[in-house]
Amino acid sequence: MFEQLRDVKGRLEEIVRLLSDPECTKDAVRIRQLMKEQAGLLPVAEAYDSYRKTEDTISECEEMLSSERDEEMRSMLKEELSEAKEKLESMKQTLRVMLLPKDPNDEKNVVVEIRAGVGGDEAALFASQVYRMYMRYAERKGWKVELTSVSENGIGGFKECVFLVNGKGAYSRLKYESGVHRVQRVPETESGGRIHTSACTVAIMPQAEEIDFDLDLNECHFDVFRASGNGGQCVNTTDSAVRLVHEPTGIVVSCQDEKSQLKNKDKAIRILRSILYQKELMERHDAEAQERRSQIGSGDRSEKIRTYNFPQGRVTDHRIKLTLYRIDQIIDGDLDELIEPLIAADQAQKLAGTQDQP
């Protein structure tokens, strides 16, 4: 571990030299990459410096204890030594986590697809509720949400919807939401009071940039059409909506929330690029047979990840066997109590696969 930390310090020094090199400053893309790498390494280096200072404190206390005869002073030194050793262990664990391989997509914005599954109208109503849950969570985090397309069922439910979440670290937290979300409750249309089970699927994709995936627009076919539903003045009276078809894969993306055809086209391209990027990532992941499949990170849409049981007021995440009896707060967007344990479980599994190198 400490050899890695020394490498981090060395790399930071190298980046500082490169950033001051006149040749490097001519390349804007290179500058941006180096500054991003520097920002990622700096917290690790600072944590390592704090660790070494704590080590120095321990050495000083032990040295003073060996020669100190005053009992009151010795008592104070022992207390300080004990606190420093406890702090050192905590810092060591923090450094281990910081050195874990980073998901390069963690800081990206997110494309979210929610689709109603089995359960008919009840599934569509649940899909719209899940959408509002993520809307509320994004508000709590200070993220911006842009709804790009929605297909409604006429009674307030969503057959499917696609939206963007823009905010620092959005993918690092929302990526654990991919999969099948199941709901158990008595539908309003159920006269017999029977509990029904229905579901929706959630797909979380990092929003790809041009540098991540080279989308050939010559392979795309664009159509324009008149938007439907509520969209504000003019949006329903002009051909502003855009349908984008990626001919090699047959993937279709529609965007109609903007009044401007150009803006809708731009959003459709961003979404398509992200879908194709995610597809490439999944294919790469599947090809690497030796890579361990995390219980909480596969992102398989067919995987039932969570159950929302309204009669019992509970939410159960099946991946980490966590049950919370706070369904009202969770549906209102208070998701951190679910997401934080998922992150911790992910880190613990990765740590279990590493060995400490003193």
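Structure: above.
Note that the structure is a prediction, hence the values are computed from the model and not measured.

Trainee: Sorry if this is basic, but what is going on with the overall build of the protein chain here?
Mentor: Regarding its fold elements, the protein chain presents 8 helices and 11 strands. Counting across all 358 residues of the protein chain, residues that qualify as buried make up 41%. Sequence separation of 24 or more characterises 61% of the internal contacts of the protein chain that already satisfy a separation of 6 or more. Accessible surface, the protein chain as shown: approximately 19,900 Å² in total, 48% of it carbon and sulfur.

Trainee: Looking at this structure, I do not really get the pattern of salt bridges. What am I missing?
Mentor: Where charged atoms from two side chains of opposite charge approach closely, those side chains can pair. Using the criterion set out here, one finds 23 salt bridges in the structure. When the shortest N-O distance is used, the salt bridge between Arg-11 and Glu-37 registers 2.8 Å. With Arg-11 in helix α1 (residues 2-19) and Glu-37 in helix α2 (residues 28-67), the pair connects residues that are 26 residues apart, well separated along the chain. Three or more residues joined by partner-sharing salt bridges are found here, namely Arg-136, Glu-139, Arg-140 and Asp-332.

Trainee: Mind showing me how you'd approach the pairing of strand β4 (residues 179-185) here?
Mentor: Side chains on a regular strand alternate between the two faces of the sheet. Extensive coverage of β4 is indicated by the burial of 6 of its 7 residues. The pairing of β4 with strand β5 (residues 196-206) spans 7 bridges and is classified as antiparallel. By the bridge assignment for β5, Gly-179 is matched with Val-202. Sheet topology places β4 next to strand β9 (residues 304-309); 5 bridges connect them, and they run parallel. Along β9, the bridge assignment pairs Val-183 with Tyr-308.

Trainee: Is there a simple way to think about the sheet that holds strand β7 (residues 241-246) in this case?
Mentor: In a beta sheet, neighbouring strands are held together by backbone hydrogen bonds and run either parallel or antiparallel to one another. Read across the sheet, 3 strands follow the order β6-β7-β8 without closing on themselves; strand pairing throughout is antiparallel. The open sheet has two edge strands, β6 (220-225) and β8 (251-255), and neither has a second partner. For this sheet, the mean angle separating the axes of adjacent strands, direction not counted, is 15°. Sheet topology note: the β7/β8 ladder contains 5 bridges and is antiparallel. Note on β8: the bridge partner recorded for Val-245 is Val-252.

Trainee: Explanation requested: the side chain of Lys-175 in the structure shown.
Mentor: Residue position: Lys-175 is located in the loop between α5 (170-174) and β4. In this structure the side chain of Lys-175 is engaged in a polar contact, spanning 2.8 Å, whose partner is the side chain of Asp-106. Lys-175 has contacts with Asp-103, Asp-106 and Ile-204, leaving out every residue within four places of it along the chain.

Trainee: Explanation requested: helix α4 (residues 120-141) in the structure shown.
Mentor: Note on helix geometry: an α-helix contains 3.6 residues per turn, so any two residues three or four positions apart are oriented the same way. With 22 residues, α4 should reach 32 Å at 1.5 Å per residue; the first-to-last C-alpha distance of 32 Å fits that figure. Among the residues trailing α4, Gly-142 stands out with phi positive, at a value near 75°.

Trainee: What's the story with the packing of aromatic side chains in this structure? I'm lost.
Mentor: Two measures describe an aromatic ring pair: the distance that separates the ring centres and the angle between the ring planes. The full count for this structure, using the stated rule, is 4 aromatic pairs. Where Tyr-131 meets Phe-158, the ring centres are 5.6 Å apart and the plane angle is 50°; that geometry is what we call tilted. One end of the pair, Tyr-131, is in helix α4; the other, Phe-158, is in strand β3 (residues 158-166), with 27 residues separating them in the sequence. For the pair Tyr-131 and Phe-158, one class covers both residues: buried. With a centroid separation of 5.7 Å and an interplanar angle of 85°, the aromatic rings of Tyr-137 and Trp-143 are classed as edge-to-face. Grouped by ring-pair contacts, the aromatic residues Tyr-131, Phe-158 and Phe-163 constitute a single cluster. Sitting above the plane of the Phe-310 ring, Arg-185 keeps its charged end 5.0 Å from the centroid. Its guanidinium or amino end placed over the ring of Phe-222, Lys-265 lies 4.5 Å from that ring's centre, counting from NZ or CZ.

Cut-offs used in this document
- Residues numbered from 1 in each chain as written.
- Predicted model: local features only at pLDDT ≥ 70, side-chain atom pairs only at ≥ 80, totals over all residues.
- Heavy atoms only, no water.
- Helix = DSSP H or I, 4+ residues; strand = E, 2+ residues; numbered from the N terminus.
- Buried < 20%, exposed > 50% of the residue type's maximum accessible area, 1.4 Å probe, protein only.
- Contact = heavy atoms within 4.5 Å.
- Areas by Shrake-Rupley, 256 points an atom, 1.4 Å probe, with all protein chains shown as cover.
- Salt bridge = Lys/Arg side-chain N within 4 Å of Asp/Glu carboxyl O.
- Pairing = 2+ DSSP bridges.
- Axes fitted to C-alpha atoms, helices over the stretch in contact; angles between N-to-C directions.
- Polar contact = N/O pair within 3.5 Å; in protein donor to acceptor, adjacent residues only side chain to side chain.
- Expected span 1.5 Å × (residues − 1).
- Phe/Tyr/Trp six-rings, centres within 6.5 Å; stacked < 30°, edge-to-face > 60°.
- Lys NZ or Arg CZ within 6 Å of the ring centre and 35° of its normal.

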